[in-house]
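Secondary and tertiary structure notes
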Amino acid sequence: MAMKKMLLLLGLGWLAQSACAVEPINAKNWNTHPSILEIRAIHAEIVRAVDAGKLKKQERQFITENCHHERDTVRTLYTDAQGIHRLFQGSGGSEDSKVSRSFFYDVNGKLRFSFIRGGATDGTRLEYRIYFSPQGKKIWSMRKKTGGPGYTFPDEWPEEDFVHDPLATFNEADPCL
């Protein structure tokens, strides 16, 4: 009888845990949702590896002043010892605004988190945090204005700007050539 009770309790616990695992991310639970916590751990691991010099860093600079192109002036790619991309960064802008984008990847090379900062000459500052599933699909995003009156930055960061293939993006031709 005690074994049946224990199995019943284990089964109920498993059901409760399963129900929590499939609970959608929302404004109330996003900060403690298991998917977000997993992504934060990946982010922290990558930041520690960069700070410790454990990732190989490659950088490309582009001269865009003469072509009025609003893309990256700098691209940086960090890879681990197995050659897996873990962090891609791009930054650039125009005469009146700048954007820096950081894309973080798991040990399988899948996009899991993006942190984007935008700033404008009018003092506007924005931050975007975008979280991705293990398959690289967006599961949660946040936009936060940290200063200034406002600017024409998008409400949602455009999906076509997500860097799912950082090596290809890193190696793209200079936009001004």
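Look a little higher up for the structure.
Definitions and cut-offs
Residues numbered from 1 in each chain as written. Predicted model: local features only at pLDDT ≥ 70, side-chain atom pairs only at ≥ 80, totals over all residues. Heavy atoms only, no water. Phe/Tyr/Trp six-rings, centres within 6.5 Å; stacked < 30°, edge-to-face > 60°. Buried < 20%, exposed > 50% of the residue type's maximum accessible area, 1.4 Å probe, protein only. Helix = DSSP H or I, 4+ residues; strand = E, 2+ residues; numbered from the N terminus. Pairing = 2+ DSSP bridges. Contact = heavy atoms within 4.5 Å. Axes fitted to C-alpha atoms, helices over the stretch in contact; angles between N-to-C directions. Salt bridge = Lys/Arg side-chain N within 4 Å of Asp/Glu carboxyl O.

With that settled, the discussion passes to the packing of aromatic side chains. A full pass over the atoms with the stated rule returns six aromatic pairs. A centroid spacing of 5.8 Å and a plane angle of 40 degrees characterise the contact between Phe 104 and Phe 113, whose relative ring orientation is tilted. For Phe 104, a relative accessible area of 6% corresponds to the buried category. Arranged with centres 4.9 Å apart and planes meeting at 65 degrees, the rings of Tyr 128 and Trp 157 form a pair that is edge-to-face. With Tyr 128 in strand E6 (residues 125-132) and Trp 157 in the loop between strand E7 (138-147) and helix H3 (166-171), this pair connects stretches of sequence that are 29 residues apart. Connected via pairs of aromatic rings, a cluster forms that spans Trp 30, Phe 104, Phe 113 and Tyr 131.

Taken across its eight residues, E6 has six buried, putting it largely inside the fold. Pairing of strand E5 (residues 111-120) with E6, which is carried by seven bridges, proceeds in the antiparallel orientation. Along E6, the bridge assignment pairs Ser 114 with Ile 130. With eight bridges connecting them, E6 and E7 associate as antiparallel partners. In the strand pairing of E7, Phe 132 is matched with Lys 138.

For the rest of this paragraph, the subject is the environment of Thr 146. Of note, Thr 146 is situated in strand E7. Distance in space between the C-alpha atoms of Thr 146 and Gly 123 is 9.6 Å, their sequence separation being 23 residues. If we ignore the near neighbours within four places in the chain, the residues touching Thr 146 are Arg 125, Leu 126 and Glu 127.

Let's shift gears to the sheet that holds strand E2 (residues 72-79). Strand order in the open sheet made by the seven strands is E1-E2-E3-E4-E5-E6-E7, with antiparallel pairing throughout. Looking along the sheet, the strands with just one partner apiece sit at the ends: strand E1 (56-61) and E7. Strand after strand, the sheet turns through a mean of 10 degrees between neighbouring axes, direction not considered.

On to the pattern of salt bridges, then. If the charged atoms of two oppositely charged side chains come close together, the side chains can form a pair. Scanning all chains against the criterion turns up 11 salt bridges. Between Arg 112 and Asp 106 there is a salt bridge, with the nearest N and O atoms lying 3.6 Å from each other. With respect to class, Arg 112 is no different from Asp 106; both count as buried. Ionic pairing is found between Glu 156 and Lys 138, a salt bridge with its closest N-O pair at 3.0 Å. Taken together, the residues span a long stretch of sequence, with Glu 156 in the loop between E7 and H3 and Lys 138 in strand E7 at a distance of 18 residues. The class for Lys 138 is partly exposed, based on a relative accessible area of 31%. Linked by salt bridges that have partners in common, Asp 72, Arg 75, Arg 101, Asp 161 and Glu 172 make up one network.

Further remarks concern the environment of Ala 173. Relative to the helices and strands, Ala 173 is located in the segment after H3. Placed 111 residues apart in sequence, Ala 173 and Phe 62 show a C-alpha to C-alpha distance of 9.5 Å.

Of all the 10 residues making up E5, nine are buried; the element is thus mostly covered by neighbouring parts of the structure. Bridge analysis of strand E4 (residues 97-105) against E5 gives nine bridges, and the strand direction is antiparallel. Residue pairing in the sheet places Ser 97 in a bridge with Ala 120 of E5. Counting the residues that bridge the hairpin from E4 to E5 gives five residues, and of these Gly 109 lies at a positive phi of roughly 80 degrees. Remark: four residues form the turn of the hairpin made by E5 and E6, two consecutive strands paired antiparallel; Gly 123 in that turn has positive phi of roughly 95 degrees.

Note that every value here comes from positions in space, so none of it alone points to a role or purpose.
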